[in-house]
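# Results of the structural survey
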Amino acid sequence: MQKRQAARAVPWSMWHLALALGGALWVQAGQAQLRPVAGHEYRETIDPKRPVSGHLVVGISLVDRARVAQLEEAQYASRKLSVNLKGVPANAQLRVDLDSPDGKFHGTGMWLLERGAGDWAELTLLDKDQPRRPRLQGGYMAISVVVQGAGVSAPRPLLASLDPKDTLTATGDGREIWLQVNSRRGQMSVRGRTGTPPAKCDRLASASVVRFDTLCKLPVGQLDRQADGRHQLTLIRRDGFEVETQQVDLHL
């Protein structure tokens, strides 16, 4: 598939200037210890000048259905991001990207995992004295956390959430995997366990969908659990007679 052309910059109210927001110096959770990578500390930018990603999956996050009503406020007010470090070796790097559907908000930063814990940890994105990010014009923000570097054979996604880490270990189907997808005008569906019918994904209602245009949801209980403990789902994209699939492996 060809990548889209660069998105045309559109000023966003009084926030059209870039905000350079540094991340916290250290993050500790249990035995996990992360620090920002020098020169790649977390920053938030309004109306970024960058091309639109050609990737199918723009963001993956864990959402508690009981807290969905609070998610829009959390996107605006939250200064922390919970990340599942299961299977992540020490000295690996985590890249965090937050995106709005219209591409006018982008937050990004990198952390080095100096000591692993294999559990949920919290990253401090904004310090208390830093301004809040602006509210989105509509829709939910895509959260992408990718692990790469030492001990990681290929970059892979990690589950992340705006919910506090202590609320993310519940069992059952109260939790959902949310995937923000750049469908490239195709029809998207998502399948969990092998042999089950795929669930149709929803087009975003946002007036401007430049960065991603589709939201796929799958209950955690419908994920296909592998022998090595990984959980798996499959995205299916249909465009006329053309069918494209992409498998996503996750640790819970």
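Everything numeric in this text was worked out from a predicted model, so none of it was measured.

In this section: the nonpolar core. Counting 32 residues, the largest nonpolar core has Leu34, Leu81, Val83, Leu94, Leu98, Leu125 and Val145 as its most contacted members. Element by element, the count of residues in this core is highest for strand E6 (residues 92-99), at 4 residues. Setting aside residues up to four positions removed in sequence, Val145 forms contacts with Leu81, Val83, Leu94, Arg95, Val96, Arg156, Pro157, Leu158 and Ala160. If you look at the next biggest cluster of nonpolar residues, it comprises 21 residues, including Val57, Trp120, Cys201 and Leu218.

Given two aromatic rings, one states the distance between the centres and the angle between the planes to describe the pair. Scanning the entire structure with this criterion turns up 2 aromatic pairs. Plain terms: the ring middles of Tyr140 and Trp178 are 5.0 Å apart, the flat faces sit at 65° to each other, and that makes the pair edge-to-face. Here the residue Tyr140 occupies a position in the loop between strand E8 (120-124) and strand E9 (142-149), and Trp178 occupies one in strand E12 (residues 175-181), the gap between them amounting to 38 residues. Relative accessible area serves as the criterion here: at 27%, Tyr140 is assigned to the partly exposed category. One Lys or Arg, Arg135, reaches over the ring of Tyr76 and ends 4.0 Å from the middle of that ring.

Mapping Val147 onto the fold places it in strand E9. A residue is classified by how much of its surface remains accessible, and Val147, at 0% relative accessible area, is buried. It is 6.4 Å that separates the C-alpha atoms of Val147 and Pro157, two residues lying 10 residues apart in sequence.

Another point: the pattern of salt bridges. Summed over all chains, the structure comprises 14 salt bridges. A salt bridge links Glu44 to Arg133, with the shortest nitrogen-to-oxygen separation between them at 2.6 Å. Of this pair, Glu44 sits in strand E3 (residues 43-46) while Arg133 is found in the loop between E8 and E9, placing the two residues 89 residues apart along the sequence. Accessibility assignment for this pair places Glu44 and Arg133 in one class, buried. Measuring nitrogen to oxygen at the nearest pair gives 2.7 Å for the salt bridge that ties Asp163 to Arg67.

Here 4 strands make up an open sheet; going across it, the order is E4-E12-E16-E15 and the pairing antiparallel. Each edge of the open sheet carries a strand with a single partner, namely strand E4 (57-64) and strand E15 (202-203). In this sheet, E12 lies alongside E4 in antiparallel orientation, the contact comprising 7 bridges. Counted as the bridge partner of Asp64 is Arg175 from E12.

Right, let's get into the state of the cysteines. Counted under the stated rule, the structure contains 1 disulfide. Sulfur-sulfur distance for the disulfide between Cys201 and Cys216 comes to 2.1 Å. On the sign convention where negative means left-handed, the S-S torsion of about 105° between Cys201 and Cys216 marks this disulfide as right-handed. Of this pair, Cys201 sits in the loop between strand E14 (199-200) and E15 while Cys216 sits in strand E16 (residues 214-219), and the two are 15 residues apart along the sequence. Cys216 shares its class with Cys201; the two are buried.

Conventions adopted
- Position numbers for residues count from 1 along each chain, tracking the sequence in the order it is written.
- With the structure being a predicted model, the display of local features is reserved for residues of pLDDT at least 70 and the display and counting of side-chain atom pairs for 80 or more, all residues being used for whole-chain, interface and lining totals.
- The side-chain values count all of the structure's non-hydrogen atoms but skip hydrogen atoms and water molecules.
- For this analysis, a nonpolar core means a set of buried residues of the types Ala, Val, Leu, Ile, Met, Phe, Trp, Tyr and Cys, connected via side-chain atoms within 4.5 Å.
- Partly exposed describes any residue whose relative accessible area lies between the buried limit of under 20% and the exposed limit of over 50%, with all areas from a 1.4 Å probe on protein chains only and scaled to the type maximum.
- Helix and strand definitions here come from DSSP, where helices need a minimum of 4 consecutive H or I residues and strands a minimum of 2 consecutive E residues; each element is numbered from the N-terminal end.
- Any two residues having at least one pair of non-hydrogen atoms within 4.5 Å are treated as being in contact.
- Pairing of aromatic rings covers Phe, Tyr and Trp, the last counted by its six-membered ring, and requires centre-to-centre distances within 6.5 Å; plane angles under 30 degrees mean stacked, over 60 mean edge-to-face, and any other angle means tilted.
- In our convention, an over-ring charge means Lys NZ or Arg CZ found within 6 Å of a ring centre and within 35 degrees of that ring's normal.
- Salt bridge, as used here: a side-chain nitrogen of Lys or Arg that lies within 4 Å of a carboxyl oxygen of Asp or Glu.
- Between any two strands, pairing holds if DSSP finds at least two bridges.
- Cysteine sulfur atoms that pair up within 2.5 Å are treated as a disulfide.

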